[in-house]
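Chain by chain, the residues:
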Amino acid sequence: MDSEQTRPLRNLKHLKASNTRIIFVVMSALVLLVFYFIIHGYVQNLNQSQAAVIKRLHTIAFTSAKLIDGEEHQLLLEKYSHRDDIQQNNDDSLYNKVHETLSTIAEINNLETPIYTLVFFPSDSSVRFVASSSAYPYYLHTYERYPKEIIAHYTTGHDLDEYEDENGTWLSSFAPIKDRSGKTVALIQADQKFDSYLAAARTELIGNTVLSVGIIIPFVILLYLFVSKLLKKQVENQELLHEQNEEIKTQSDIIEKNNLDLEKKVIERTLELEKRNEEINNFLYHSAHDVQAPLATLKGLLSLARKDLTDAQALEYIQRMESTTEVLERIIQIIKQVHEIKNSSSRTVATSLQHVIERSVYNLDIQPEEMEVLSELPDKFQLVTDPKLLQMALYELLKNAYQYRSKKNGSSFVKLSIANQTQDEIYIGIDDNGEGISPHFKEEIFAMFSRGHEKSSGMGLGLFIVQACLERMDGSIRLEEKDTPGARFTLQFKNLTEA
């Protein structure tokens, strides 16, 4: 009986729920339809506005190209061929004439950004700015991310739809500047920021959105009356979900706290390790200085002993002690040298590599009949780097080549050349025909106290010093595979060369 009485009530609830869902679907469809028309109208206005802007820029570019004298523009480039040769608009009358013409064009057409001329350089596939309406010239500055259409349509001009470069997103049009023979010598380009022409469409979008919201609000209020019961249930579910989220958040906070504690310990241990490394570094440096005085005293005592002793065996012991003190003195000098490399401030200047090679040969006292040092570097070749560090590195490399020169391969030589050169890096090859490096030493050749040959009599610090110098110069060194006798090294530097 009770079941029969409650069944209509249940059916009514089901009906209300069904009606509510139907209304919700209809209203949702209405809202989506309204917003569809809003967005559709916005897109149409956007396209129309964009087409109008491109047409305007096209007219400005192609009209302006006829106002620039191509012969004078070409003469300007021949007269000033380097970046920033012109730093003020009035530095040159030809440049100022072009600048005034461009400024007038920009002012008459109310251009928001400067109008400028461009030239393509096939030698390095670069596009560079020449003249502009800007108050500050950027003469022959490289256009880093220029659109490829500039090259494809260099002689005809072209309109550029939305594109992005290093300065933002643009709409542009460019036209060729020609000399009297009809040859294209440059381009003139007119731009407009992509965002600027969106203002009108956005204003209309806001107006349409406000109107649509005003229409939709009454329907939303009615919809709220129908779905209030559903929302109440939703709130209850949200509360339950909130409780679950709080529990998850509590566990997450515990995990985060543990991670922070672990990170703190890592930072503390890292700082402690850095402090200890610094203490060891200072200890070695100061120890090397402090040992010099007693070492000098020891050398003096050995010298006095040599004068006073006549016994041959005793003199032999004195000779061995003197040799040992020389080794110790060399170790102290190397410790000081490594400390200086790793801690001194770097001084970057244009450095003649040929001059550094000649100084190294002179300091090593290498005679041509003992080993010939060949340079295949271009005349007046320079590296923009630290000359002192470069001198240390080349000295050690030439010393190694000289020390391990082979008398089996005929005339001994070491050759320096440019192995490879890119836009960002340059590689210097150092090749000799000496005894080479034993294969089982190659993995650790740049490690401290590592020797590259069974006959090595040094301390194994030469190539370690070379690598330390290269790292301080933001470069690197590697040992190359080689089919012929000898060793081949490649030194990598940042490409800041000057010829």
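Presented here is a report on the structure given in the accompanying data block. (Residues numbered from 1 in each chain as written. Predicted model: local features only at pLDDT ≥ 70, side-chain atom pairs only at ≥ 80, totals over all residues. Heavy atoms only, no water.)

This part covers the overall build of the protein. Per the secondary structure count, the protein includes 9 helices and 12 strands. Buried residues in the protein amount to 35% of all 499 residues. Partitioning the contacts of the protein with sequence separation of at least 6, the portion at a separation of at least 24 is 63%. For the protein, the accessible area works out to roughly 31200 Å², and carbon and sulfur atoms hold 56% of it. (Helix = DSSP H or I, 4+ residues; strand = E, 2+ residues; numbered from the N terminus. Buried < 20%, exposed > 50% of the residue type's maximum accessible area, 1.4 Å probe, protein only. Contact = heavy atoms within 4.5 Å. Areas by Shrake-Rupley, 256 points an atom, 1.4 Å probe, with all protein chains shown as cover.)

Moving on, we come to the sheet that holds strand S3 (residues 158-165). Taken together, the 5 strands give an open sheet; going across it, the order is S2-S1-S5-S4-S3, and neighbouring strands pair in antiparallel fashion. Each having just a single partner strand, strand S2 (126-132) and S3 make up the two edges of the open sheet. Here the average twist between neighbouring strands, direction ignored, is 35°. (Pairing = 2+ DSSP bridges. Axes fitted to C-alpha atoms, helices over the stretch in contact; angles between N-to-C directions.)

This brings us to the pattern of salt bridges. Inspection of the entire model under this criterion finds 12 salt bridges. One salt bridge in this structure joins Arg478 and Glu480, with 2.6 Å as the shortest N-O distance. Salt bridges linked by common partners bring Asp431, Lys482 and Arg488 together as one network. (Salt bridge = Lys/Arg side-chain N within 4 Å of Asp/Glu carboxyl O.)

On to helix H2 (residues 70-79), then. Along H2, the residues that are buried comprise Gly70, His73, Leu76 and Leu77. Viewed along the axis of H2, the buried residues span an arc of 120°, placing them on a single side of the element. Along H2, the residues that are exposed and aim more than 90 degrees away from the buried face are Glu78 and Lys79. As for H2, its buried residues are in contact with helix H3 (93-108), strand S1 (116-121), S2, strand S4 (168-178) and strand S5 (184-193). If you check the start of H2, you find a side-chain oxygen 2.9 Å away from the backbone N of Glu71, and it comes from Asp69. (Arc of directions from axis to C-beta. Polar contact = N/O pair within 3.5 Å; in protein donor to acceptor, adjacent residues only side chain to side chain.)

The subject of this paragraph is the side chain of Ser132. Relative to the assigned elements, Ser132 resides in strand S2. Look at Ser132 and you get buried, because its relative accessible area is 1%. Among the polar contacts made by the side chain of Ser132, one reaches the main-chain amide nitrogen of Ser134 at a distance of 3.2 Å. Residues in contact with Ser132, not counting those within four places in the same chain, are Tyr95, His99, Leu102, Ile115, Tyr116 and Tyr138.

For the rest of this paragraph, the subject is the pairing of strand S8 (residues 382-385). Of the two faces of S8, the one lined by Leu383 and Thr385 is fully buried and the one lined by Gln382 and Val384 carries no buried residue. Of the strand pairs in this sheet, strand S6 (residues 349-352) and S8 are connected by 4 bridges, and their pairing is antiparallel. In the sheet register, Ser352 faces S8, and the bridge partner there is Gln382.

Burial of strand S10 (residues 425-432) is extensive: 7 of the 8 residues sit out of reach of the surface. Looking at chain direction, strand S9 (residues 413-421) and S10 are connected through 7 bridges and run antiparallel. Looking across to S10, one finds that Gln421 is bridged to Ile426. As paired elements, S10 and strand S12 (residues 488-494) share 7 bridges and run antiparallel to each other. When the bridges of S12 are listed, Ile430 appears paired with Phe489.

Glancing now at the sheet that holds S12. Strand order in the open sheet formed by 5 strands is S7-S9-S10-S12-S11, and the pairing between neighbours is mixed. Each of the sheet's edge strands pairs with one partner strand only, and the pair in question is strand S7 (372-375) and strand S11 (476-479). The sheet shows a mean angle of 20° between the axes of neighbouring strands, taken without regard to direction. Along the sheet, helix H8 (residues 387-403) makes contact with S9, S10, S11 and S12, crossing S12 at roughly 175°.

So, on to the environment of Glu71. Positionally, Glu71 belongs in helix H2. In the structure, Glu71 is positioned 109 residues away from Arg180 in sequence and 7.1 Å away in space, judged by C-alpha atoms. Once residues within four sequence positions are removed from consideration, Glu71 is found in contact with Asp179 and Arg180.

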